[in-house]
Every structure is written in structure tokens, then in C-alpha cells.
Amino acid sequence: MNMIQVIAIAFFIYLGSIGSIVGNTIGWYALGRPLVAAFIVGLIMGDVQTAMIIGIPLQIMYMGNVTPGGAVAWDLSYATYIGTAGALVFGKNMDATQLIGLAVVFAGIGGLVGQIMWNVSYALNLPLNRIADKYARQGDTRKMYIPNVVYGQLIGFACRFIPAVILLSSMTAVSSQGDFASMIPGWVTTMLGTFGGMMAALGMGIILSFLLKKKWQICIFLLGFVMVTYLSLNTMAVAVIATLLAVVYYVFQMGQKEEEKA
Amino acid sequence: MSKKLSKKTLNKAFWNWFFWNGCSQQAESMLGMGFGQSMAPVIEELYDTKEEKAEALERHITLFNTEAQVGSVCNGIVCGMEEANANGQCTPEVISSVKVALIGPTSAIGDSLWVATIIPILLTICLSIAQGASASLSWTGALLYLVVYPVLTCLLSRRLFYFGYKSGLEGMSKFMTTGKMDILTNSMNFLGLLVVGALSASFVACSIPFQIVKDVFDVETGETLADQVIFNADTMLDGIFPKLIPLLLVLGVYYLYAKKKWSPMKLMGVILVLAAVLTAIGYLTGYYV
């Protein structure tokens, strides 16, 4: 990675973090998602195709990471951007499974930094309340944006951008030391490949906990599962069928409700 | 003459909230400062004296938290109430208590319906597109999500804001009791579960690296065939139920996360250990060379 690429990726890490200047809807919920992150890293590094190979399994793995206020909150963008960039930088000449394994490891490292920086910014934001109090007491409506956007963003930007630049440049420096694909022992890449494949179960399991409201609904999940294993449909085909069935189900329920009323 | 908020001020209040609700999130007032910034143009328009403005601002930078995208309905409701207050039809105490009362239900709807249902479903659809498309076009799925999610959310969030302003607290509670919400959630859940099932089958990979390889003596031809696979754990398990192990893994994670309240970090560690054990078995039995 050259310096421009490092800065560009670090900037997107900031934009995709919780409460960045573009708002959580565009930032954390869109730019921060692994699928989108891989696309952007791919564009910056000039290899969208490989980046997407990494982005799809990363997205599945981190599917459950959705609430910025919850107990497991941390800057997902750190994990996703660093994971993809790390795999692209270190994974030259590796096959897809090994690339994914490598991405998982780098995402883990990035995620750890993200978790620390989120807690730091969360603490540093506290004194801003006093500034807001002061302007509020003066009744100065035109200054209310200062503690929230100006100072809030200075802290947010410093906490995300600077560590990201340091992390990404040290990764670049290390990667120039040699060809890592040949240096890593075979059993490590085998294990990383196995780990990457199994980690997809984490995202899916957490999503299931959001979607399963009643016990019998496990059958819907299993139906989707066997549509792939027995009927050999791809996920796109299942998504189309699922959408059509959901519309039918919606209309059916509405009809039942009308009957109840009548 | 009664005071009325202009469209321009309301828009300002909405956009302030939409973009900057989480800018200064912290443990003391959560999204309080963001809420205060959203209310600032409203207060500026409604109140004349410095003292009135100060009083109004102070009640809006206190603790406030919600799922901000769906929570814009709170901002709408509070805008309506501030307007009523400026016309002497409401009191600051009522505004503050309504605000606190709104935290619970709007967070619950926002988190469960929008964040935990719509996002995963939209992502799974975009993932299917990314995976189904040829390798050189798989970025279309990512781009689709990047465009569709923010636009969809912005439209919804804006609509909810104006809904809150126009119909107030009564309008919201009326809507919530119609039951339409449940039907929509049920249908969304159905769609999500089916796609998550398909994604699990396509992406979760886990095989048992164990097989027995032996030289076999063929009776008919009288030749010895070298290195024949007599037993392969995956082939056997797939014969019973294809992808049984990945399925059990997903259900296992679900059980430990939802029922046993394990943290994602702990689960990740367990998966890493399992992967290491499986790799070790593979090498010990000569599956990997």
C-alpha cells in the first residue's frame, strides 16, 4: 500500500465508524458493513474482484454486529477494512480459502483496536456535556452544533483515523519484508481456512437469534437450508422465492385479520 | 396569534438529527447533545427571550437514547409539543416526561424491526446477488446495498418525523395498536429465515478431516489397488443429511448465544479452538499432508 491508499482506507474507517460526520445511516450501517467495506478497499487497492471474495464471507461472519448502542458495540469498520486490506496485502498467491482465513485474523486484530478506540471516544465525549450545558444556559441556539458536531467529530476523527493510519502503515512495512505466503507454515493456512469457514456460523447463529420468534419457525430456516442442499438452488434463487412467498404470507395474514374484524 | 413552525425549520431539525444524532454519543446523556442540536432551530423560531430559549435548550440536552433512525418520530412528536408549549397549550414537564416515555418503545421497534430485521435481510439479498453474479460483477451486490439502505432509511426516517409532528403521541400509539406492524414483522421474518437458511447452507463450511485409506486387493482382477479410500467421514455424513455438520454448528452457535447468553468473543474463541482441533486431527490421521 502506498501512503495515499493508507490515508484513503483510514479515512473510510473513520467514515464507517459509529457517529461519523455522514451519520450512522450512511456511515456505520452502510460504509461500515463488510460487504461495502470490501468493495471500497478493492476500489482503493485496485483489485475489486479479490476484495469481494473476502468481503462476502466477512459479511456473513459479522452479520450479527448491528447495534451501535448495545453491549457488544465496537467499531466494525476497523475489523472490516483492516481485514480486507490485510488479506490483500499479505495474501498474494494464496487461494480463496486461505485468503479468507487471513482476512479473519486481520479483522480480529482490527476489531480489537476498534473496540479500544470506541471506548476511548465514548469516554472522551463526556466533558462535551459541560460545553453543551454552558451554551444551553446562555440560550444560544446557534452554538448547539459546536459540542455535538465540531468537538464530537474532532474526537471521533482522531480516535479512528490516527490509529488506523499507524496500523495500516505498519502492516505495509511488515509485508515488504518478504513473501508471506511462502513463510507461513502449511498447517497454519489449513487451520485459517477451516476457521474462516466455521466462523460463518457465528454470524448466522446470531442472526437466527434475532429472527426466531417462535420455535416452529426453525422449520422455515431448515426449508431454506435444504433448498440449497437437496434442490441445489443458489442463494439468489432462494432470495427470489423467499420474497414471493413473503408477499403471499403478508396478504394471507391481512386477509385473516379482515375476517376477524368482520 | 398562535405560533407555527415553518417547513424550513422542521426540515432543519430533521436533517440535524439524521446526520448527527450519534456524533457525541457517551454514557452521560447518550444522544442528548444530538437531540439538543436537532431542537435548536425549533427553539430559535418558537421562543423570543433568551431566558425562554435557555430553559427549552436545557431540557433537551438531558439524557435521551433511542434507535435513532426510527427514533426520528420522537423528534417529530417533541417538535409538535414545543409548538403547543409556545402557544400555552402544553407544559415543559409534560414534554420532558413524554420524551423519557418514548425512549423504550422507539428503541424496541427500531432495534428489533429495523436494525435486526431489515438490515440482515437487505444484506442477505445483496449477498446473494454478490455471490450469484460472476466474480467480476460481484461488487454490484455491495453497491446496491450502499445505495438502497441509506435512501430507504432516509425516506422512512423523514416520514416518521413528519408523522410524529402531525399526529403526535396519540397518532403513534394508535398506529401501534392496529396490528399491521406485527403482520409486517412476521412476513419479514419469514423472508429472513428462509434466506439465512440458504446462506448457512452455502457459506458455512466445516468438514471432519478423517478418512481411512488402504491398499485393496481386487478379487476379480487379482490386482492390488493402492491408496483406496475405504471410509470418509464427510461422505458418510453427507449421505445421511447433506451439510449436517455446518447445520449443527449454526444451531449450536444459536443455542449458546440466544439461550446460554455467550458473548460473540467467547464463541469466536471456541470456534478457533475447534478449528485447531480439527486441523490437528486431520494431520494426525494423515488427511492433510
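Everything below is about the structure shown above.
A brief structural summary. Note that the structure is a prediction, hence the values are computed from the model and not measured. (Residues numbered from 1 in each chain as written. Chains lettered and ligands numbered in written order. Predicted model: local features only at pLDDT ≥ 70, side-chain atom pairs only at ≥ 80, totals over all residues.)

A closer look at the overall build of chain B
Thought 1: Across its full length, chain B holds ten helices and two strands.
Thought 2: Starting at the N terminus, the α and β elements of chain B follow one another as α-α-α-α-α-α-α-β-β-α-α-α.
Thought 3: Expected size for 289 residues packed as a compact globule is a radius of gyration near 19 Å; at 29 Å, chain B overshoots this value by more than 25%.
Thought 4: Expressed along its principal axes, the backbone C-alpha trace of chain B runs to roughly 110 × 35 × 35 Å.
Thought 5: Taken across its 289 residues, chain B has 45% of its residues classed as buried.
Thought 6: Taking as baseline every contact in chain B between residues at least 6 positions apart, the subset at least 24 positions apart corresponds to 67%. (Helix = DSSP H or I, 4+ residues; strand = E, 2+ residues; numbered from the N terminus. Rg over C-alpha atoms; globule rule 2.2 N^0.38 Å. Buried ≥ 20, exposed ≤ 12 C-beta atoms within 10 Å, placed from the backbone. Contact = placed C-beta atoms within 7 Å.)

Focus: the overall build of chain A
Thought 1: For chain A, the helix and strand inventory stands at twelve helices and zero strands.
Thought 2: Listing every helix and strand of chain A by position from the N terminus yields α-α-α-α-α-α-α-α-α-α-α-α.
Thought 3: Dimensions along the principal axes, computed over C-alpha positions, put chain A at roughly 65 × 60 × 30 Å.
Thought 4: Taking contacts inside chain A between residues at least 6 apart in sequence as the whole, the part at least 24 apart equals 70%.

Looking at helix 1 (residues 3–15) of chain A
All names here are of chain A.
Thought 1: In this model helix 1 runs 18 Å from its N-terminal to its C-terminal C-alpha over 13 residues, within 8% of the 18 Å that 1.5 Å per residue would give.
Thought 2: For helix 1, every residue scored as buried is listed here: V6, I9, A10, F12, I13, Y14 and L15.
Thought 3: Elements that come into contact with the buried residues of helix 1 comprise helix 2 (23–31), helix 3 (34–45), helix 5 (76–90) and helix 8 (145–175). (Expected span 1.5 Å × (residues − 1).)

Description of the environment of T50(A)
All names here are of chain A.
Thought 1: Along the chain, the position of T50 falls in helix 4 (residues 48–61).
Thought 2: A residue is classified by how many C-beta atoms lie within 10 Å of it, and T50, with 22 of them, is buried.
Thought 3: The spatial distance from the C-alpha of T50 to the C-alpha of F39 is 9.6 Å, given a sequence separation of eleven residues.

Quick look at the interface of chain B and chain A
Thought 1: Every contact between the two is made by 104 residues of chain B and, on the other side, 95 residues of chain A.
Thought 2: Sorting elements by how many residues they give to the side of chain B that touches chain A places helix 7 (residues 180–203) of chain B first, with 18 residues.
Thought 3: Here the side of chain B that touches chain A is composed, by residue class, of 66 nonpolar, 30 polar and eight charged. (Nonpolar A, V, L, I, M, F, W, Y, C, P; charged D, E, K, R; others polar.)

As for the environment of N93(A)
Thought 1: Along the chain, N93(A) turns up in the loop between helix 5 and helix 6 (96–124).
Thought 2: Remark: the alpha-carbon pair of N93(A) and M183(A), spanning 90 residues in sequence, is separated by 12 Å.

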